[in-house]
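Descriptive analysis of the structure
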Amino acid sequence: MDEPLFWLGHLSSCIQSEEAQELLFGADYDAAGDFQRRFWERAEWPAFTVPLAADHRLHVVYRTVADDAGIDYLLHHPDWGRPERLARDDGHFMGPGLSWPELVAAADNMLPGGSTTDPHSRLLLLLPAFGDDALPDAAVGRLAGALRARTSVEDPEILAAALLEDQGAPGPARWTVAKRGFSVNDGEYSFRNPTNRFALSADCLAWVATALAP
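The rules behind these values
- Residues numbered from 1 in each chain as written.
- Predicted model: local features only at pLDDT ≥ 70, side-chain atom pairs only at ≥ 80, totals over all residues.
- Heavy atoms only, no water.
- Helix = DSSP H or I, 4+ residues; strand = E, 2+ residues; numbered from the N terminus.
- Contact = heavy atoms within 4.5 Å.
- Axes fitted to C-alpha atoms, helices over the stretch in contact; angles between N-to-C directions.
- Parallel < 35°, antiparallel > 145°, perpendicular 65-115°, else oblique.
- Nonpolar A, V, L, I, M, F, W, Y, C, P; charged D, E, K, R; others polar.
- Polar contact = N/O pair within 3.5 Å; in protein donor to acceptor, adjacent residues only side chain to side chain.

**Some remarks on the environment of Ala47**
Considering the arrangement of structural elements, one finds Ala47 in strand E1 (residues 47–51). In this structure, the C-alpha to C-alpha distance between Ala47 and Arg63, residues 16 residues apart in sequence, is 8.9 Å. For Ala47, the residues in contact, after removing those within four places along its chain, are Val60, Val61 and Ser115.

**Quick word on the packing of helix H5 (residues 119–126) against helix H6 (residues 139–150)**
For the pair H5 and H6, interaxial distance at closest approach is 9 Å and the crossing angle is 110°. For the element pair H5 / H6, the angle class is roughly perpendicular. The residues of H6 that touch H5, namely those facing Pro119, His120, Ser121, Leu123 and Leu124, are Arg142, Leu143, Gly145, Ala146, Leu147, Ala149 and Arg150. Classifying every residue of the contact of H5 with H6 gives 7 nonpolar, 3 polar and 2 charged.

**Remarks on the side chain of Ser99**
Structurally, Ser99 is set in the loop between strand E4 (84–89) and helix H4 (100–108). If sequence neighbours within four positions are ignored, Ser99 has contacts with Phe130, Gly131, Asp132 and Trp175.

**Topic: the side chain of Thr116**
Topologically, Thr116 is positioned in the loop between H4 and H5. A distance of 3.0 Å separates a polar atom in the side chain of Thr116 from the backbone nitrogen of Asp118. Once residues lying within four places of it in the same chain are set aside, the contact partners of Thr116 are Met1, Thr49, Ser121 and Arg122.

**Quick word on the environment of Ser12**
Counting through the fold element by element, Ser12 comes out in the loop between helix H1 (4–10) and helix H2 (18–25). In sequence terms Ser12 and Ala144 are 132 residues apart; their C-alpha atoms lie 16 Å from each other.

In structure tokens:
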């Protein structure tokens, strides 16, 4: 995560326009492509962890499999039988899995035991799993600060605005509170939209929302 070129590839799915692509890669397009190609050719699956309250963990797992490559965003707790997938970043994208308040809370909690306590790295690491149509005025500045700290992009403010406008393949979603009191969204491809046939169960939706609560 100390390599600026890593972030260019990691964030590439968050952009939907040629203008945003130019802002992200700039003169580093070829170098970023070479770095990502070597990264995806690894035999092991690179994984990064962001700890949450009450022993929950958010895992970002790169599936370096030739015919099924992608990134999974998984939420886990030692008492659960298996992790719950919040989002997937690949040709069969699913999401969003995080609202803006949940994303910022995970980035800022400073809990030990993960891959990094750096809030800038955590924010960028989880950004592809985020989608929210109700952003605070400070969102662009917050993302720009992370881009400035972790990448070498020339215009972090303009790029931050573009990233928050595009919000990846699933796009923005509207977050509300379900009758049982937990957060859900209306994303067409989201596991956290209870109206989707592939949604998490009501109990899982409640567990997930509790684990991610700001």
